[in-house]
Every structure is written in structure tokens, then in C-alpha cells.
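# An overview of the molecular structure
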Amino acid sequence: MATLTGFDPQIAKAQFEQRIQSLEEDTKRCFWEIPGGPGEAYFPPVLYAFATIDYFSSYWAGWNDSGRDKNKNQTDRLVYFMVKYLGYREKESKIAVNIWRHKLMHTGEPRDLKATNLTERYHWKIGINLPNHMILTLIAKPGDYELQFDCYAIVRDLRTGVLGPSGYLSDLGGSTDLQSRFVDCFNEMENYTTHL
């Protein structure tokens, strides 16, 4: 188990580049056309994409496991990171986290959602080269919306939002507060324990 005593920009950069590269390669594999094969696999790249957003937002916030502190909210952390660094709107980010991070992760498939006011319903679509990635689009009747998730676009957006000139890594390099949070989260993730 590794422990950091201080921020090392080389470690952060290498980890971040490796994670985005891994997501990109795994996502491409899910869409390879294999003659006689089972077809495209949509859920694995979405799960990995949201796990990756969770990963980066954990470093940004300085924690991953909210079970220790009930004042920490994973959904808020993910949404804020998506708005700040990926450029997505807040409403779409909240819906996306609920459909693809929580429902897909916990029930094995994404679920349509109803707004608590019951006047809006949110449907989902996963694919590649979709025209409205992370943009709510009115469909069918008033109050019915679709939120598309493009598996290739998320890789592009993460690369820009994390590694780009005004991305998270750039902010991290210039902020001792973010660096301290990175170290805290790194040490948490590298030193998990379990009760047996």
C-alpha cells in the first residue's frame, strides 16, 4: 500500500492520463464489430465512465468514501465536478448521475425517472456519435425528455476537462488546497481496509 506525504504532480498526471486512456480503450472494445459476435455492449462503458467521473471528483473533493461522514454527498460531488470541468448543465448532470451512476450501478440497468413534481419524465439513450450528448431533449409529449449519453463524447470531455489547459489537472497544479485534497484522497484509496 502506497502513501503520499506530499503532492507529486508527476504521479497525478500519470494516474489521470492512464485512467482516461484505459476508459478510451475499453470503450472502443465495447463497440468493435465482430462478425457473428454478440453486438455492441452499452452498459460497461457507461459504468466505467461514471466510475471515472467518481474517481476524478473524489480527488478534486479530497474524499471518496462518504460512509465516514454523513455530511458528504457523492451525488453533489459528481454533479459539481461535471458542471465545473466537463461543461455540462446542472440539471442534466443530476439526471445523468441518477440514471447511470445510481440506477445502472445498483439495479443493473438504467431506469427512466420522474421528477418529484411529477410533471416531467426523463428517458435515456446510450450510443456513439449521438447528436445531443448530455442535453435534455423534449420528445413525444410535453414533459417527456430524453437524455442521451455518447460513450465516445464522454472520453473526449473527460480528456479536455481533466487534462486540458483549463482543466482539473491545471487547477490542481496551482492550488495547494486542491493538492492537499488530492493527497488525502490518494491515501484513502490506496489504504482501504475491510473487516473480516
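Residues numbered from 1 in each chain as written. Predicted model: local features only at pLDDT ≥ 70, side-chain atom pairs only at ≥ 80, totals over all residues. Heavy atoms only, no water.

Attention now goes to the side chain of aspartate 54. Locating aspartate 54 in the fold gives a position in helix H2 (residues 43-61). Residues contacting aspartate 54, with those up to four places away along its chain left out, are Asn64, Gln74, Arg77, Leu78 and Arg101. (Helix = DSSP H or I, 4+ residues; strand = E, 2+ residues; numbered from the N terminus. Contact = heavy atoms within 4.5 Å.)

This part is about the state of the cysteines. As enumerated under the stated definition, the model contains 0 disulfides in all. We note that cysteine 30 lacks a disulfide partner, and the nearest cysteine sulfur, in cysteine 151, lies 7.8 Å from it. Given the relative accessible area of 15%, cysteine 30 is considered buried. (Disulfide = S-S within 2.5 Å. Buried < 20%, exposed > 50% of the residue type's maximum accessible area, 1.4 Å probe, protein only.)

When you tally the buried positions in strand E4 (residues 144-150), you get 6 out of 7 residues, the bulk of the element. Relative to E4, strand E3 (residues 136-138) runs antiparallel, the two being bridged by 3 bridges. Note on E4: the bridge partner recorded for threonine 137 is glutamate 146. Adjacent in sequence and paired antiparallel, E3 and E4 are bridged by 5 residues, among which alanine 140 carries a positive phi angle near 55°. (Pairing = 2+ DSSP bridges.)

Moving on: the packing of aromatic side chains. Tallying each qualifying case throughout the model produces 21 aromatic pairs. Plain terms: the ring middles of tyrosine 55 and tyrosine 59 are 5.1 Å apart, the flat faces sit at 85° to each other, and that makes the pair edge-to-face. Of this pair, tyrosine 55 and tyrosine 59 both sit in helix H2, 4 residues apart, which is roughly one turn of that helix. In this structure tyrosine 55 comes out as buried when scored by relative accessible area, which is 12%. The exposure class of tyrosine 59 is buried, given its relative accessible area of 1%. For the ring pair tryptophan 60 and tyrosine 80, a centre distance of 5.3 Å and an interplane angle of 20° mean the geometry is stacked. Of the two residues, tryptophan 60 sits in helix H2 while tyrosine 80 sits in helix H3 (residues 74-86), which places them 20 residues apart along the sequence. Aromatic ring contacts, followed pair by pair, group Phe7, Phe16, Tyr55, Phe56, Tyr59, Trp60, Tyr80, Phe81, Tyr85, Tyr168, Phe182 and Phe186 into a single cluster. It is arginine 77 that lies over the ring of tryptophan 63; its NZ or CZ is 4.4 Å from the centre. A cation over a ring is seen here: lysine 91 above tyrosine 145, with NZ or CZ 5.9 Å from the ring centre. (Phe/Tyr/Trp six-rings, centres within 6.5 Å; stacked < 30°, edge-to-face > 60°. Lys NZ or Arg CZ within 6 Å of the ring centre and 35° of its normal.)

Spatially, the 4 strands line up as an open sheet ordered E1-E2-E4-E3, and their pairing is mixed. The sheet is open, and its two borders are formed by strand E1 (113-114) and E3, each paired with just one other strand. Pairing of strand E2 (residues 121-127) with E4 involves 7 bridges; the strand directions are parallel. When the bridges of E4 are listed, lysine 125 appears paired with glutamine 148. Contacting E2 and E4, helix H5 (residues 151-163) crosses the sheet at an angle of about 65° to E4. (Axes fitted to C-alpha atoms, helices over the stretch in contact; angles between N-to-C directions.)

It is the contact of helix H1 (residues 9-30) with H2, at a shortest axis distance of 9 Å, that shows an interaxial angle of 170°. Classified by the angle between their axes, H1 and H2 sit roughly antiparallel to one another. Seen from H1, the contacting residues are Gln15, Phe16, Arg19, Ile20, Ser22, Leu23, Asp26, Thr27 and Cys30; seen from H2, they are Pro44, Pro45, Tyr48, Ala49, Ala51, Thr52, Tyr55, Phe56 and Tyr59. When grouped by side-chain class, the residues that make up the contact of H1 with H2 number 12 nonpolar, 4 polar and 2 charged. (Parallel < 35°, antiparallel > 145°, perpendicular 65-115°, else oblique. Nonpolar A, V, L, I, M, F, W, Y, C, P; charged D, E, K, R; others polar.)

Function cannot be inferred from these measures alone, as they are strictly geometric.
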